[in-house]
Amino acid sequence: MSQRVRTKPEGIERALSEAYDTALLDLDGVVYAGGNAIAHAVESLATAREGGMHLAYVTNNALRTPDTVAGHLTELGIPTGADDVITSAQAVARLISEQVPAGSRVLVIGGEGLRVALQERGLEPVESADDDPAAVVQGFGGPDLPWGRFAEASYAVARGVPWFASNTDLTIPSGRGIAPGNGAAVEVVRIATGAEPQVAGKPLPPMHRETILRTGAERPLVVGDRLDTDIEGAFNGEVDSLLVLTGVTDGAQLLAAPPQHRPTYVDADLRGMLTGQPEVTEAGDGFRCGGWTATAGKERLEIDGDGEALDGLRALCAAAWTAAGEGVCELDGGKALARLGL
């Protein structure tokens, strides 16, 4: 897929699980939320796997090791090996290893996932800025990460030690709602030092490179719930994507998406991997999908018809994205989305 301006979701007759050899699945908001499986995820993934699709789990969360993530997925009923899990900790560890001598000390601000990934690359995790680190790496450390760890990072970064971050997601979904993510923690050190880290995670190229190296995917499909990480990462990697509406992105955010945040396909949940995707066609001054026709008026998006709500959302996306072109749609879509129940 080239980096063109997408003006509508694409259609495909074959099931996505048949058309693509590997699914690169985000975890939080796609497979589980707050540790519990999202509705239809377990069954959908089992069917895709039984049909021959390789399932790989790609997460910006650097806290847990691949072994731990694989164990959690297996407990949920999704048999997974550690080799099927790719984390931003692994991507940032590779990035660091390419810039510092083998065996170098690295100051870790984060959890076990970062330490294991660094050791895999022959680097030595340390805890203090006084341990003469060759680099500082920061990753999500969970809600109990002590405030003093940010100070430790700031001391080293202020001395000129190269600074790396696994990812800069400002938020992370939890069972109780949306919580601060690693990006919020990175901002603490940025404010204290005025420095800028090298970032490895989605949507940036180091994460895509790590994923392809570890999976060997030839025709991958990125599956995610976030426009600014999963979908933009697919855009940057020039591969197709499926947005599922089980996480942080809602209909209004999708309609307002700039070109790099527009997914190839849209569906309610992971059942969308097992079906084809309906075609969105031009219809007069608007677009039609299923039983719905959507147009962009002077001030608002308008929709007419009935049928599956997702078909209406796809038609609305076409109207919104065409009206916005290379910008962001600013037309009011509230009434249209309300009619669809989205």
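### Some points on the sheet that holds strand β6 (residues 105-109)
Here's step 1: Overall, parallel pairing links the five strands, which are arranged β7-β6-β8-β9-β12 in an open sheet. Where the open sheet ends on each side, the last strands, each with one partner, are β7 (124-126) and β12 (198-199).
Here's step 2: In this structure, strand β8 (residues 135-138) lies alongside strand β9 (residues 163-165), joined through three bridges in parallel fashion. Bridge pairing in β9 places valine 136 opposite tryptophan 163.
Here's step 3: Relative to β9, helix α4 (residues 88-97) is tilted by about 155°, and along the sheet it contacts β6, β8, β9 and β12.
Here's step 4: Sitting on the sheet, helix α7 (residues 182-193) is in contact with β8 and β9, with an inclination near 160° to β9.

### What about the pattern of salt bridges?
Here's step 1: As enumerated under the stated definition, the model contains 17 salt bridges in all.
Here's step 2: Here glutamate 98 makes a salt bridge to arginine 209, at a shortest N to O gap of 3.0 Å. On the criterion of sequence distance, the pair formed by glutamate 98 in the loop between α4 and β6 and arginine 209 in helix α8 (residues 205-215) is long-range, its members being 111 residues apart.
Here's step 3: Classification of glutamate 98 as partly exposed rests on a relative accessible area of 47%.
Here's step 4: On the accessibility criterion, arginine 209 (32% relative accessible area) is partly exposed.
Here's step 5: Two residues, glutamate 124 and arginine 105, come together in a salt bridge whose shortest N-O distance is 4.0 Å. With a gap of 19 residues between them, glutamate 124 in strand β7 and arginine 105 in strand β6 connect regions that are remote in the sequence.
Here's step 6: What emerges from the salt-bridge pattern is a single network uniting Arg94, Glu120, Glu210 and Arg214.

### Considerations on unusual backbone geometry
Here's step 1: Between lysine 202 and the following residue, proline 203, the backbone shows a cis peptide bond with an omega angle of 10°.
Here's step 2: Topologically, proline 203 is positioned in the loop between β12 and α8.
Here's step 3: With phi around 55°, aspartate 132 is a residue other than glycine that occupies positive phi space.
Here's step 4: Along the chain, aspartate 132 turns up in the loop between β7 and β8.
Here's step 5: When its relative accessible area of 64% is taken as the criterion, aspartate 132 is described as exposed.
Here's step 6: Here glutamate 238, not a glycine, exhibits a phi torsion of approximately 60°, which is positive.
Here's step 7: Within the fold, glutamate 238 resides in the loop between α9 (227-237) and β14 (240-244).

### With respect to the packing of aromatic side chains
Here's step 1: Summed over all chains, the structure comprises two aromatic pairs.
Here's step 2: Ring geometry for tyrosine 20 versus tyrosine 265: centroids 6.3 Å apart, planes at 75°, classification edge-to-face. Note that tyrosine 20 is positioned in the loop between α1 (16-19) and β1 (22-25) and tyrosine 265 in strand β15 (residues 265-267), a separation of 245 residues in sequence.
Here's step 3: With centroids separated by 5.3 Å and ring planes inclined at 85°, the aromatic side chains of tryptophan 147 and phenylalanine 150 adopt a geometry described as edge-to-face.
Here's step 4: What makes tryptophan 147 exposed here is its relative accessible area of 62%.
Here's step 5: The exposure class of phenylalanine 150 is buried, given its relative accessible area of 10%.

Definitions and limits used
Residues numbered from 1 in each chain as written. Predicted model: local features only at pLDDT ≥ 70, side-chain atom pairs only at ≥ 80, totals over all residues. Heavy atoms only, no water. Pairing = 2+ DSSP bridges. Helix = DSSP H or I, 4+ residues; strand = E, 2+ residues; numbered from the N terminus. Contact = heavy atoms within 4.5 Å. Axes fitted to C-alpha atoms, helices over the stretch in contact; angles between N-to-C directions. Salt bridge = Lys/Arg side-chain N within 4 Å of Asp/Glu carboxyl O. Buried < 20%, exposed > 50% of the residue type's maximum accessible area, 1.4 Å probe, protein only. Phe/Tyr/Trp six-rings, centres within 6.5 Å; stacked < 30°, edge-to-face > 60°.

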